[in-house]
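# Understanding the architecture of this molecule
So you can see what is in the structure, the chains are spelled out below.
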Amino acid sequence: MTTQQSSAPLVTLKLLNKEYGRFTAVNKINLEIQQGEFLTFLGSSGSGKSTTLSMIAGFETPTSGEILLHNKSLINVPSHKRGIGMVFQHYSLFPHMSVRDNIGFPLDIRKTPKAERNKKVDDILKLVQLEDFAERPPTLLSGGQKQRVAIARALVYEPEILLMDEPLGALDKKLREDLQDELRQIHKRLGITIIYVTHDQDEAMRLSERIAIFKEGEIVGLGSGRNLYDSPPNAFVASFLGNSNFIKVRAVSTSEAQFEQQTLKFREQTTPIKTQADILLMVRPENLHVLSEQQAEQEPLTVEMNQIAATVEETVFLGESYTCSVVTESGQRLMSKYISKDHCEIAAGTDIVVRWNVNHTNVYDQWKQSDITKA
Ligand SMILES: Nc1ncnc2c1ncn2[C@@H]1O[C@H](COP(=O)(O)OP(=O)(O)OP(=O)(O)O)[C@@H](O)[C@H]1O
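The name an unreviewed UniProt entry gives the protein is Spermidine/putrescine import ATP-binding protein PotA, with Marinomonas vulgaris as the organism. Under Catalytic activity (unreviewed entry), UniProt gives the following word-for-word description of the protein: "ATP + H2O + polyamine-[polyamine-binding protein]Side 1 = ADP + phosphate + polyamineSide 2 + [polyamine-binding protein]Side 1." UniProt's Subunit (unreviewed entry) comment on the protein is quoted here verbatim: "The complex is composed of two ATP-binding proteins (PotA), two transmembrane proteins (PotB and PotC) and a solute-binding protein (PotD)."

### Some details on the overall build of the protein
Scanning the protein for helices and strands turns up nine helices and 20 strands. With the C-alpha coordinates of the protein rotated into their principal frame, the extents come out at 80 × 45 × 35 Å. Relative to its 375 residues, the protein shows a buried fraction of 37%. Partitioning the contacts of the protein with sequence separation of at least 6, the portion at a separation of at least 24 is 66%.

### Quick notes on the nonpolar core
Core analysis: the biggest nonpolar cluster contains 92 residues, and Ala152 and Leu163 have the highest contact counts within it. No other element matches helix 4 (residues 143-155), which puts six residues into this core. Counting residues domain by domain, this core receives three or more from each of domain 1 (11-235) and domain 2 (243-295 + 303-368). Excluding residues that lie within four positions of it along the chain, Ala152 makes contacts with Ile103, Ile124, Leu125, Val128 and Leu130.

### Some thoughts on the sheet that holds strand 11 (residues 245-253)
Read from one edge to the other, the open sheet built from five strands follows the order 13-12-11-14-20, with strand pairing classed as antiparallel. Strands with a single pairing partner mark the edges of an open sheet, and in this sheet they are strand 13 (262-265) and strand 20 (362-364). Each adjacent strand pair in this sheet contributes to an overall mean axis angle of 45°, direction not counted.

### Considering the site of the ligand
By nearness alone, 13 residues border the ligand, and Tyr20, Ala25, Ser45, Ser50 and Thr51 come closest of all. Counting residues per element, the ones that place at least two in the shell around the ligand are strand 2 (23-33) and helix 1 (49-57). Of the residues forming the shell around the ligand, the biggest block, three residues, is contributed by helix 1. Split into classes, the residues belonging to the shell around the ligand amount to four nonpolar, eight polar and one charged.

### Side note on the UniProt feature "domain: ABC transporter" (unreviewed entry) in the protein
UniProt marks residues 11-241 with the feature "domain: ABC transporter" (unreviewed entry), using the numbering shown here. A distance of 26 Å separates the end C-alpha atoms of residues 11-241, which is 36% helix and 27% strand.

### What about the environment of Val87?
Within the element layout of this structure, Val87 appears in strand 6 (residues 84-88). Taking the C-alpha atoms as reference, Val87 lies 36 Å from Pro285; in sequence the two are 198 residues apart. If near-sequence neighbours (up to four positions away) are discounted, Val87 is found in contact with Ala150, Ile151, Ala154, Leu162, Met164 and Pro167.

### Here's the deal with helix 4
Counted at 1.5 Å a residue, the expected span for helix 4 with its 13 residues is 18 Å, and the 18 Å between its end C-alpha atoms agrees. Within helix 4, 10 of the 13 residues are buried, which leaves it mostly tucked inside the rest of the structure. Of the residues making up helix 4, those classed as buried are Lys146, Gln147, Arg148, Val149, Ala150, Ile151, Ala152, Arg153, Ala154 and Leu155. Looking at the buried residues of helix 4, the elements they touch are strand 6, helix 2 (99-109), helix 3 (114-127), strand 7 (161-165) and helix 5 (173-190).

### Comments concerning the domain arrangement of the protein
By the assigned domains, the protein splits into domain 1 (11-235) and domain 2 (243-295 + 303-368). Placing the centre of domain 1 and that of domain 2 at their C-alpha centroids yields a distance of 39 Å.

### Comments concerning the pairing of strand 18 (residues 333-339)
Bridging between strand 17 (residues 321-327) and strand 18 involves seven bridges; their strand directions are antiparallel. If you follow Val326 over to strand 18, its bridge partner there is Leu334. Following strand 17, the chain reverses through five residues before pairing antiparallel with strand 18; Gly331 in that reversal takes a positive phi of roughly 95°.

### Quick notes on the sheet that holds strand 5 (residues 72-73)
Read across the open sheet, the four strands follow the order 2-1-4-5; overall the sheet is antiparallel. Strand pairing shows two members of the sheet lacking a second neighbour, strand 2 and strand 5, which therefore form its edges. Pairing analysis gives two bridges linking strand 4 (residues 64-69) to strand 5, with the strands arranged antiparallel. Pairing of Leu69 across the sheet is with Lys72, part of strand 5. Contacts between helix 1 and the sheet are confined to strand 1 (11-20), strand 2 and strand 4, with strand 1 contributing the most and set at about 120° to the helix.

Reading guide: rules and limits
Residues numbered from 1 in each chain as written. Predicted model: local features only at pLDDT ≥ 70, side-chain atom pairs only at ≥ 80, totals over all residues. UniProt positions renumbered as here; feature names shortened; annotations may be inferred. Helix = DSSP H or I, 4+ residues; strand = E, 2+ residues; numbered from the N terminus. Buried ≥ 20, exposed ≤ 12 C-beta atoms within 10 Å, placed from the backbone. Contact = placed C-beta atoms within 7 Å. Core = buried A, V, L, I, M, F, W, Y, C linked by C-beta atoms within 7 Å. Domains from an automatic or database assignment. Pairing = 2+ DSSP bridges. Axes fitted to C-alpha atoms, helices over the stretch in contact; angles between N-to-C directions. Near = placed C-beta within 6 Å. Nonpolar A, V, L, I, M, F, W, Y, C, P; charged D, E, K, R; others polar. Expected span 1.5 Å × (residues − 1).

Rendered as C-alpha cells:
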C-alpha cells in the first residue's frame, strides 16, 4: 500500500523486504513518510514492526528493497550517520552519570562546544520537565522519569527523525497516558518526524497522525486513526481496531443482502458487490441502537436505516456506558454500546429491535474467517 501525498516524502520505503532464512519477517513494504509526521506502526507481536524500524535505523540490513531519505538511498549509510534518534523500551542510560551528563552524552561524542552543549541540555531538560532532577543519577529516578531522560538524550542532537520502539511499554497505564500527552506536545513543539512502534491501539490512536497496521510482515491498513476506525479497508483492520459486529450474509443486489426475514441495505461499493456473493457486513457497537418494540412502533423505520429483530441476552454496566448483547432468531450475536445517561439497563429476555444507519455499514467481499477471529 502506498500513500498519495502532494509534498515530497522525507522517508520512502520501496519493496522493503527482510528474510531470516526461509522466514519472511517484512514482505515488500511500500510506504512514504512525510516530514514532521507522527506515524505509528501498529500490529500484534511478530508482525514485523520492529524489524522495519530497525532497517530504517540501520541496525538490520534489508534482504532487498530500498530505504530513501530525501530521495537518497540509506542502504549503505551506517546507522550513526543517518541523522536518526532512537528510543527503546529499555532506557540504557549510564547509571554512573547524572541526568545532565546522560543527556549531554550525544553532544559530547560529537564534540559540541561546551557553552552550546550546556544550553542545549538545559533547553531539553526544560522540554521534558526534568530541570529539578538534572544532577541525579538515573538510579534515583522513576521509570517514567528515566524514559524522559532517554527521550531527551535522543532529541538533544536534533535528529531529523526520531524512531521509538515501544518506549512506554514498561510503564503503568496512568504514567503511560501522561507521557503520551507529553510526547504529543513535544512533537507539536519541535515539528520532528516520529516513527513509533506499539501494539497498543489506544496509544496509536492518541499519538499518531497516521497509523500503519502490520500483519504478517505487510501493511494492511494505512491512514488516520479516524479513517481506519470509521472505514476499515478490510475485515482484518475492522476486527483489529476496536470492537465490531460482523454479519455474514448473501448479497441479493449491489446494495442489498438478505438476513433472516429482513433485507439489509449498504452503500454501493466502488467495485460493485456481485449478486449472490457471500459478504461480510460490519457495524460498530456504538452505531447499533437498541429499541424496545414499543419505541420501534413509535419511530417508523426510515429508508436509510437497517433493522433486525432480536432478544436481549445481557446488559453490562461499564460506568460511562452500557454494552448490550442481543441474539437474533438464527443465533447471530450482536453488541450495542450506548452512553449510560441516555438509557437504562434493558432486562435479559426482552424482545427488541436493533437499528443502524446504512452509512455506518462497512461491506467486505474478500475476507477469511481468521481475519475476524480475535487472537
Ligand atoms: N534475528 C532474527 N532471526 C530470526 N527471526 C527473527 C529475527 N528477528 C525477528 N525475527 C522474526 O521476525 C518476525 C517479526 O519480528 P518483529 O520483531 O519485527 O515483530 P514485531 O511486530 O516488532 O513484534 P513485537 O511487538 O513482539 O516486537 C517475528 O516472527 C520474529 O520472530
